[in-house]
Amino acid sequence: MSRFMPTDPAQLTLVVFEFTLLFAGAGLFLWLLFNREQRQRWLGTHSLPQLGLSAFEFTLGAVTILLCSFAGSALAQIALGHYLAKMADAESLQMFVYNLANYAGAVLGWKILFPYLIRTWQTGPVIRQSRPTRQILSWPQACGYAVGTLIVALPLLTLISLGWMELLRAWGIPDEPQALIALISDTKSAALLVGILLMACVLAPIYEELLFRAGLYRYVRQKLGRTPALLISGVCFGALHNNWAGFLPLAALGMLLALVYETTGSIRVVIIAHGLFNLNTICIVLSGIKELNL
């Protein structure tokens, strides 16, 4: 029992904080569940701005962004892999540099190559994206919604994660955490750790929310409806992380973020909520309390 009860003050504080979040999230979830007005608001049908892309254009954009991401990471490995392997914290440094190159490639594909291809291959009239009709949330409002999203998500994802881990063990499937989690706990350089934190809590949420919620979810939503869009975007989001232990919890998180995006109409909210979720996970990892790292 003692191994589950840390004695370090910082770890004890974190344990209290995490359990406070879990109980607060459970209470907020029950309030939403039994409050008809709020439940209808969050689960009702809402409009999102149309992407205004044909199936060909959307596929071209997705393929372009993903291929440029892969190319950026691959080029960084070819050009810098030999040198990075000799440095301190080699694995963490390689992960940081390769992921930065991945995001840089995605921006190149999204902002430069994809618009060029569209201009070159455009055969019909240009379709403009429709603008949202609702009022844009301010940053303080977006932060408030994001914190509420995190609080509601934690107890749900904890239950899903516990059940999923038991299933994986019963099926004999490896349940190791994502490589990023292991590398963070082993990183010795403070500067590198700060860089990884910025990447995980800022760059990754921006990239993934624009790709999966503002892109994939919106497009499938307008073509097939909300339920298929939730399932497809959520499953793709879970699969992107290439980790069995995190697949179902992350797929569920992706679906929840899509609902929040549709309800608020603000990509800011889900980016901030995603970043807070990653930050919470990293804090648990750095604390050394593995039992909380679900």
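Up top you'll find the structure we're talking about.
As the structure is a computational prediction, the values presented were derived from the model and not from experiment.

Cut-offs used in this document
Residues numbered from 1 in each chain as written. Predicted model: local features only at pLDDT ≥ 70, side-chain atom pairs only at ≥ 80, totals over all residues. Heavy atoms only, no water. Helix = DSSP H or I, 4+ residues; strand = E, 2+ residues; numbered from the N terminus. Buried < 20%, exposed > 50% of the residue type's maximum accessible area, 1.4 Å probe, protein only. Contact = heavy atoms within 4.5 Å. Areas by Shrake-Rupley, 256 points an atom, 1.4 Å probe, with all protein chains shown as cover. Phe/Tyr/Trp six-rings, centres within 6.5 Å; stacked < 30°, edge-to-face > 60°. Lys NZ or Arg CZ within 6 Å of the ring centre and 35° of its normal. Patch = residues over 30% accessible without salt bridge, like charges linked within 9 Å, V, L, I, M, F, W, Y side chains within 5 Å. Salt bridge = Lys/Arg side-chain N within 4 Å of Asp/Glu carboxyl O. Disulfide = S-S within 2.5 Å. Expected span 1.5 Å × (residues − 1). Core = buried A, V, L, I, M, F, W, Y, C linked by side-chain atoms within 4.5 Å. Lys, Arg positive; Asp, Glu negative; His and termini not counted. Polar contact = N/O pair within 3.5 Å; in protein donor to acceptor, adjacent residues only side chain to side chain. Axes fitted to C-alpha atoms, helices over the stretch in contact; angles between N-to-C directions. Parallel < 35°, antiparallel > 145°, perpendicular 65-115°, else oblique. Left-handed = near helix turned anticlockwise from the far one by under 90°. Nonpolar A, V, L, I, M, F, W, Y, C, P; charged D, E, K, R; others polar.

Student: Just to check I follow, could you spell out the overall build of the protein for this structure?
Tutor: When its secondary structure is counted, the protein shows ten helices and zero strands. For the protein, the α and β elements follow one another from N to C terminus as α-α-α-α-α-α-α-α-α-α. Within the protein, the fraction of its 294 residues that count as buried is 45%. Partitioning the contacts of the protein with sequence separation of at least 6, the portion at a separation of at least 24 is 78%. When the accessible surface of the protein is summed, it comes to about 16400 Å², and 69% of that surface belongs to carbon and sulfur atoms.

Student: Looking at this structure, how should I read the packing of aromatic side chains?
Tutor: How two aromatic rings sit relative to each other is given by the distance of their centres and the angle of their planes. For the structure on display, the rule yields seven aromatic pairs. Taken together, a centroid distance of 6.3 Å and an interplanar angle of 40° make the contact between Phe56 and Trp121 tilted. Note that Phe56 is positioned in helix H3 (residues 55-84) and Trp121 in helix H4 (residues 90-121), a separation of 65 residues in sequence. Judged by relative accessible area, which is 49%, Phe56 ranks as partly exposed. Judged by relative accessible area, which is 45%, Trp121 ranks as partly exposed. Through successive ring pairs, a cluster of aromatic residues spans Trp164, Trp171, Trp244 and Phe247. The aromatic ring of Trp110 is capped on one face by Lys111, whose charged end is 4.4 Å from the ring centroid. Here the guanidinium or amino end of Arg268 rests over the ring plane of Trp139, the centre of that ring lying 4.2 Å away.

Student: I keep staring at a nonpolar patch on the surface and nothing clicks. Help me out?
Tutor: On the surface, a nonpolar cluster with roughly 620 Å² of combined accessible area is contributed by Leu100, Trp110, Val194, Leu198, Val202, Leu203, Ile206 and Leu210. Elements represented by at least two residues in the nonpolar patch include exactly H4 and helix H7 (190-224). It is H7 that contributes the most residues to the nonpolar patch, six residues altogether.

Student: Mind showing me how you'd approach the pattern of salt bridges here?
Tutor: A side chain with one charge may pair with a side chain of the opposite charge, provided their charged atoms come close. Scanning all chains against the criterion turns up four salt bridges. Between Glu166 and Arg169 there is a salt bridge whose closest N-O contact spans 3.2 Å. Taken together, the positions of Glu166 and Arg169, both in helix H5 (residues 139-171) and three residues apart, correspond to about one turn of that helix. Ionic pairing is found between Glu262 and Arg226, a salt bridge with its closest N-O pair at 4.0 Å. Note that Glu262 is positioned in helix H9 (residues 244-264) and Arg226 in helix H8 (residues 226-240), a separation of 36 residues in sequence. The two residues Glu262 and Arg226 agree in class, both being buried. Counted as one network, the salt bridges with shared partners bring together Arg221, Arg226 and Glu262.

Student: What is the right way to look at the state of the cysteines in this model?
Tutor: Covalent bonding between the sulfur atoms of two cysteines is what defines a disulfide. A complete count under the given rule lists zero disulfides for this structure. This cysteine, Cys283, is not joined by any disulfide, and Cys201 carries the nearest cysteine sulfur, 7.7 Å off.

Student: Could you clarify how one ought to interpret H9 in this entry?
Tutor: Because an α-helix completes one turn every 3.6 residues, residues spaced three or four positions apart along the sequence face the same direction. Taking 1.5 Å of rise per residue, the 21 residues of H9 would be expected to cover 30 Å, and the 31 Å separating its terminal C-alpha atoms lies within 8% of that figure. Directly after H9, the chain includes Gly265, whose backbone phi takes a positive value near 70°.

Student: Would you take a moment to explain the nonpolar core for this structure?
Tutor: Generally speaking, a soluble globular protein has its nonpolar side chains buried in company with each other. Ranked by internal contacts, the top residues of the largest apolar core, which has 62 residues, are Ile196, Tyr217, Leu253 and Phe277. Counting residues per element, this core draws most heavily on H7, at 15 residues. Sequence-distant contacts of Leu253, defined by excluding residues within four places in its chain, comprise Leu157, Phe237 and Phe277.

Student: Help me understand the side chain of Glu208 in this model?
Tutor: Position of Glu208 among the secondary structure elements: in helix H7. Here Glu208 sits buried without a salt bridge, and the closest side chain of opposite charge, Arg213, lies 5.8 Å off (N-O distance). Separated by 3.3 Å, the side chains of Glu208 and His274 make a polar contact. Each residue touching Glu208, except ones within four places of it in the same chain, is listed here: Arg213, Phe237, Leu240, His241 and His274.

Student: Quick question: what am I supposed to make of the environment of Ser138 here?
Tutor: Looking at the secondary structure, you find Ser138 in the loop between H4 and H5. Overall, Ser138 belongs to the partly exposed group, its relative accessible area being 30%. Through-space distance from the C-alpha of Ser138 to that of Val269 is 9.9 Å; in sequence the pair is 131 residues apart.

Student: Hey, could you run me through the packing of H8 against H9 in this one?
Tutor: The relative placement of two packed helices comes down to the angle between their axes together with the axis-to-axis distance. Two numbers describe how H8 lies on H9: the axes approach to 7 Å, and their chain directions differ by 135°. When the axes of H8 and H9 are compared, the pair comes out oblique. By crossing handedness, the relation of H8 to H9 is classed as right-handed. Contacts between H8 and H9 involve Arg226, Leu230, Leu231, Gly234, Val235, Phe237, Gly238 and Ala239 from the former and Phe247, Leu250, Ala251, Leu253, Gly254, Met255, Ala258, Leu259 and Glu262 from the latter. Its residues assigned to classes, the contact of H8 with H9 shows twelve nonpolar, three polar and two charged.

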